[in-house]
Amino acid sequence: MIQTRGLLAAALLACAAAATATAAAPAAPLPQLKPYTVPEDWLTPIAPLRISDHVWQVGAAGITALLIKTDAGAVLIDGGMPQVADLLLAHLRELGVGPGQLRYILHTHAHADHAGPLAAVRRETGARLVSNAESAALLARGGSQDIHFGDAITYPPVQADELLQDGQQIRVGALVLTVWFTPGHTPGSMSWTWTDTQDGRPVRIAYVDSLSAPGYRLLDNPAYPHIVDDFRRSAARVRTLPCDLLLTPHPFQSGWDYANAAHPHPQPMSCAAYAEAAMRDIDAELAKERAGH
């Protein structure tokens, strides 16, 4: 019995020593989050650039943020990265859009590089944020649980004030904006058309969402089973939009160079050409995926 007790005591002392050693040697730290880094021109300030008589590019050099000014109030479509919120607000003030004069905030899709500052702009201006059901859910999560990127690309969450149906119109005075659902890049992607003037002449403007699939799984995607069908339907729709002047969330995709104030649109593109180029890229990605199976 004495020998057994001695062995038990020795075992307890050994366990205590092991526990002390474990406590004294901290575990390795968990890995850092990977930052969402972007091209520099997505964060490079530029002066407001006039697109047409009532439309201005007010964001950074490499991401579109459009301000439409009317006598009845203003509309902002997209914003850019979260870091550009102060820049947007400063540009609105510079163009004479003060508190209470921004009526609506619209958007194309709910990724951080376009919807990032919308919460801040909504808070500071009191404007109504308009979205659709698919995008509103992602906006409310601040981009988390994205079907392609998970929680890697997030931004300050924001609640939509109004949900749109496909083909619905937003009216501000004489301005009429029509929304066209163009899913693919995201399930909630939207494009916008309206008519402005350029040097006093009517011009039909189409602000068309991205039709790209950056790193997406296209074949047998369990989170988005009909993604390729959506891209094809959206491209077909884009080909038919009223489109004298094409703009896109990433300006280079439609031949714009906002940093070149003297010649900002060196390579104009039609909506049909934009859609066809996008589908060539989608088909090329599909071929790569099929070859890899």
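Here the structure is a predicted model, which is why all the values come from computation and not from measurement. Residue positions are counted from 1 within each chain, in the order its sequence is given. Selection of residues for local features in this predicted model requires a pLDDT of at least 70, selection of side-chain atom pairs for listing and counting requires 80 or more, and totals for whole chains, interfaces and linings are taken over all residues. Each side-chain value is derived from all of the structure's non-hydrogen atoms; neither hydrogens nor water enter the calculation.

Only protein chains enter the calculation, and the probe is 1.4 Å; a residue is then buried if its accessible area is under 20% of its type maximum, exposed if over 50%, and partly exposed in between. Helix and strand assignments come from DSSP, with helices taken as H or I runs of at least 4 residues and strands as E runs of at least 2, each series counted from the N terminus. Of all the five residues making up strand β5 (residues 102-106), four are buried; the element is thus mostly covered by neighbouring parts of the structure. Between the parallel pair strand β4 (residues 73-77) and β5, the chain is carried across by helix α2 (residues 85-94), and the sense of this crossover is right-handed. In this structure, β5 lies alongside strand β6 (residues 128-131), joined through two bridges in parallel fashion. Bridge assignment links Y104 to a residue of β6, and that residue is R128. Call a crossover right-handed when, viewed with both strands pointing away from you, the route from the first strand across the helix to the second goes clockwise. When DSSP finds two or more bridges between a pair of strands, those strands are recorded as paired.

A few words on the confidence of the model for the protein. Values of pLDDT, which run from 0 to 100, indicate the predictor's confidence residue by residue. Averaged over all residues, the pLDDT of the protein is 92; the fraction at 70 or higher stands at 90%. Only heavy atoms matter for contacts: two residues are in contact if any of them lie within 4.5 Å across the pair. Low confidence marks residues 1-5, where pLDDT is under 50. Its contacts with residues over four positions away, or in another chain, come to zero contacts.

Between two aromatic rings, the relevant description is the distance of the centres plus the angle of the planes. Ring pairs are drawn from Phe, Tyr and Trp, using the six-membered ring of Trp, whenever the two centres fall within 6.5 Å, and their geometry is named by plane angle: stacked under 30 degrees, edge-to-face over 60, tilted for the rest. Inspection of the entire model under this criterion finds two aromatic pairs. With a centroid separation of 6.0 Å and 65° between ring planes, the pair formed by F149 and Y216 is classed as edge-to-face. With a gap of 67 residues between them, F149 in the loop between α5 (133-140) and β7 (162-163) and Y216 in the loop between β11 (201-207) and α6 (227-239) connect regions that are remote in the sequence. Relative accessible area serves as the criterion here: at 27%, F149 is assigned to the partly exposed category.

Only buried residues count toward a nonpolar core, which is a set of Ala, Val, Leu, Ile, Met, Phe, Trp, Tyr and Cys residues joined through side-chain atoms within 4.5 Å. Within the largest apolar cluster, 29 residues are counted, with the highest numbers of intra-cluster contacts made by V58, L67, L102, I105, V121, L139 and Y155. If you tally residues by element for this core, the top one is α2, at four residues. Every residue in contact with V58, bar those within four places of it in the chain, is listed here: P48, A65, L67, L76, L88, H91, L92 and L95. Core analysis: the second largest hydrophobic core is formed by 28 residues, I46, L49, Y104 and L245 among them.

A separate point is unusual backbone geometry. Of note, D78 is a non-glycine position whose phi angle comes to about 70°, a positive value. Along the chain, D78 falls in the loop between β4 and α2. When its relative accessible area of 0% is taken as the criterion, D78 is described as buried. Although it is not a glycine, Q145 adopts a positive phi angle of roughly 60°. For Q145, the position within the fold is in the loop between α5 and β7. The class of Q145 is exposed, set by a relative accessible area of 55%.

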